[in-house]
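Observations on the model geometry
Letter by letter, the chains look like this.
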Amino acid sequence: MDTDKLYSDLKSNFPDSEIYQNHPLASYTTVKIGGLADIFIHTKSSEEFKNIIDFIYHLTPNISITILGNGSNLLISDSGLRGIVIKNDSNEIEILPNNQVKAASGVQLSQLINFTLDNNLVGLEEFAYIPSTVGGAIAGNIHGDDKHLFSQFIVSVEKINNFIISSIIQLTLGDSTLAKQKVIDIIQKKSAVQSMNSLGSVFKNNPNQDPSGMIIDQKLNLKGYSIGDAQISPLHANFIVNNGHATATDYFKLVKFIQTQAQEKLGITLEPEIKFLGQF
């Protein structure tokens, strides 16, 4: 792949877009870890997002494209990502008939929750304090505080080349005052133990065994354990935090260490909930 030519073609066809070569990715993740992208594009609207993806696929259909929303559940390797990385900040929200809302994939989940509650549309409040975009919430089918899945609210999803552009979400009219208080309560509860300088829950919870955080904390006694600047959170053992200068290698080694300890000492397999992008 001739990234120099591709970069030149993109710059020529989208002169008003933010397009860079060899661009650092760490600042676009919640854990502030990650190497360089061959080509990095920051899109600010659904139209720009669609047009650039369409252009890339017509020009070079086999190239790797990675979409970043909040970067809240993925670890990018220290060697970065090849191909194209698009930071999608499309943020259009529209009220539709029948208590439905159309939201662009780049809309922050917190923004959508506040917008819908301000319009007396309830249902999404249980997803408070989840650092995700709408596209990320759909792709990961996140679960809320009441254990509902995000997919339960989705009527339809608009895609181009398998990338999410927008979605229509079904809500109900309700008491926004109560719903806003629920948001406050969830934020207070979660912020006390869930650090934002992490990637969220590292391991999935298996319904046939104790919660992963309990296993790591009470059975393996690993809460607070560190490799480099990556540390199992002293507040919640299913979170790994960056204490300042953690590398992806530190983080990855710590994940593997926890898995090995669980398997060797307890015969338990811990399956990662986060995604690993790049070379590890």
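The following paragraphs examine the structure supplied in this document. Nothing here was measured: the structure is a model prediction, and the numbers come from that model.

**Topic: the pattern of salt bridges**
This model, assessed by the stated rule, comprises 11 salt bridges. Of the charged contacts in the structure, one is a salt bridge between Lys223 and Asp217, with a shortest N-O distance of 3.2 Å. Classification of Asp217 by relative accessible area gives partly exposed; the value is 23%.

**Brief notes about the sheet that holds strand S1 (residues 18-24)**
The strands making up a sheet associate through hydrogen bonds between their backbones, and the pairing can be parallel or antiparallel. Taken in spatial order, the 4 strands of this open sheet run S1-S2-S5-S3, and their pairing is mixed. Strand pairing shows two members of the sheet lacking a second neighbour, S1 and strand S3 (65-68), which therefore form its edges. Sheet twist, expressed as the mean angle between neighbouring strand axes with direction ignored, is 30°. Across 6 bridges, the pairing between S1 and strand S2 (residues 36-43) is antiparallel. Bridge assignment links Tyr20 to a residue of S2, and that residue is Phe40.

**What to know about helix H3 (residues 109-118)**
All buried positions along H3 are accounted for by Leu109, Leu112, Ile113, Thr116 and Leu117. Buried residues of H3 fall within an arc of 125° about the axis and therefore sit on the same side. Contact partners of the buried residues in H3: strand S6 (93-96), strand S7 (100-104), strand S8 (121-122), helix H4 (134-140), strand S10 (163-170) and helix H5 (176-191).

**Digging into the packing of H3 against H5**
Between H3 and H5, whose axes approach to 9 Å, the crossing angle comes to 160°. Classed by the angle they form, the pair H3 and H5 counts as roughly antiparallel. For H3 against H5, the interelement crossing comes out left-handed. In this structure, H3 contributes Ile113, Leu117 and Asp118 to the contact, and H5 contributes Ser176, Ala179, Lys180 and Val183. Split into classes, the residues belonging to the contact of H3 with H5 amount to 4 nonpolar, 1 polar and 2 charged.

**As for the sheet that holds S7**
Across the sheet, 4 strands lie side by side as S6-S7-S10-S9; this open sheet has antiparallel pairing. Each edge of the sheet is formed by a strand with only one pairing partner; in this case those strands are S6 and strand S9 (154-160). Adjacent strand axes in the sheet meet at a mean angle of 15° when their direction is disregarded. Here S6 pairs with S7 via 4 bridges, running antiparallel. Bridge pairing in S7 links Ile93 to Ala103. Lying over the sheet, helix H2 (residues 46-59) contacts S7, S9 and S10, oriented at roughly 145° with respect to S10.

**So, helix H6 (residues 212-219)**
Burial in H6 covers these residues: Ser212, Gly213, Ile215 and Ile216. In a view along the axis of H6, the buried residues occupy a sector of 165°, so they form one face of it. Packed against the buried residues of H6 are strand S13 (230-232) and helix H7 (248-266). Of the residues one or two after H6, Asn221 is the one with positive phi, at around 55°.

**Concerning the nonpolar core**
Counting residues in each nonpolar core, the largest one holds 26 residues, and the members touching the most others are Leu112, Leu124, Phe127, Phe150 and Ile169. The element contributing the most residues to this core is H3, with 4 residues. Beyond its immediate stretch of four places on either side in the chain, Ile169 contacts Asn99, Gln100, Val101, Ala103, Leu112, Leu124, Phe150, Phe153, Ile154 and Val155.

**A closer look at the environment of Ile63**
Tracing the sequence through the fold places Ile63 in the loop between H2 and S3. Ile63 sits in the buried class, given a relative accessible area of 9%. Taking C-alpha positions, Ile63 is 9.0 Å from Arg82, a pair spaced 19 residues apart along the chain.

**Structural notes on the packing of helix H1 (residues 3-13) against H2**
Between H1 and H2, whose axes approach to 11 Å, the crossing angle comes to 140°. For the element pair H1 / H2, the angle class is oblique. As for how H1 packs across H2, the hand of that crossing is right-handed. Residues Leu6, Asp9, Leu10 and Asn13 of H1 lie in contact with H2, whose contacting residues are Phe55, Ile56 and Leu59.

**Comments concerning the packing of aromatic side chains**
For any pair of aromatic rings, the description consists of the separation of the ring centres together with the inter-plane angle of the planes. Per the stated rule, a full pass over the model turns up 9 aromatic pairs. With centroids separated by 5.4 Å and ring planes inclined at 85°, the aromatic side chains of Phe14 and Phe55 adopt a geometry described as edge-to-face. Pair noted here: Phe14 is in the loop between H1 and S1 and Phe55 is in helix H2, with a separation of 41 residues, a long-range link. Both rings, one in Tyr225 and one in Phe257, keep their centres 4.7 Å apart while their planes meet at 10°; by these two values the pair is stacked. Of this pair, Tyr225 sits in the loop between H6 and strand S12 (226-227) while Phe257 sits in helix H7, and the two are 32 residues apart along the sequence.

What counts and what doesn't
- Residues numbered from 1 in each chain as written.
- Predicted model: local features only at pLDDT ≥ 70, side-chain atom pairs only at ≥ 80, totals over all residues.
- Heavy atoms only, no water.
- Salt bridge = Lys/Arg side-chain N within 4 Å of Asp/Glu carboxyl O.
- Buried < 20%, exposed > 50% of the residue type's maximum accessible area, 1.4 Å probe, protein only.
- Pairing = 2+ DSSP bridges.
- Helix = DSSP H or I, 4+ residues; strand = E, 2+ residues; numbered from the N terminus.
- Axes fitted to C-alpha atoms, helices over the stretch in contact; angles between N-to-C directions.
- Arc of directions from axis to C-beta.
- Contact = heavy atoms within 4.5 Å.
- Parallel < 35°, antiparallel > 145°, perpendicular 65-115°, else oblique.
- Left-handed = near helix turned anticlockwise from the far one by under 90°.
- Nonpolar A, V, L, I, M, F, W, Y, C, P; charged D, E, K, R; others polar.
- Core = buried A, V, L, I, M, F, W, Y, C linked by side-chain atoms within 4.5 Å.
- Phe/Tyr/Trp six-rings, centres within 6.5 Å; stacked < 30°, edge-to-face > 60°.

Function-wise, these values are silent; they only describe arrangement.
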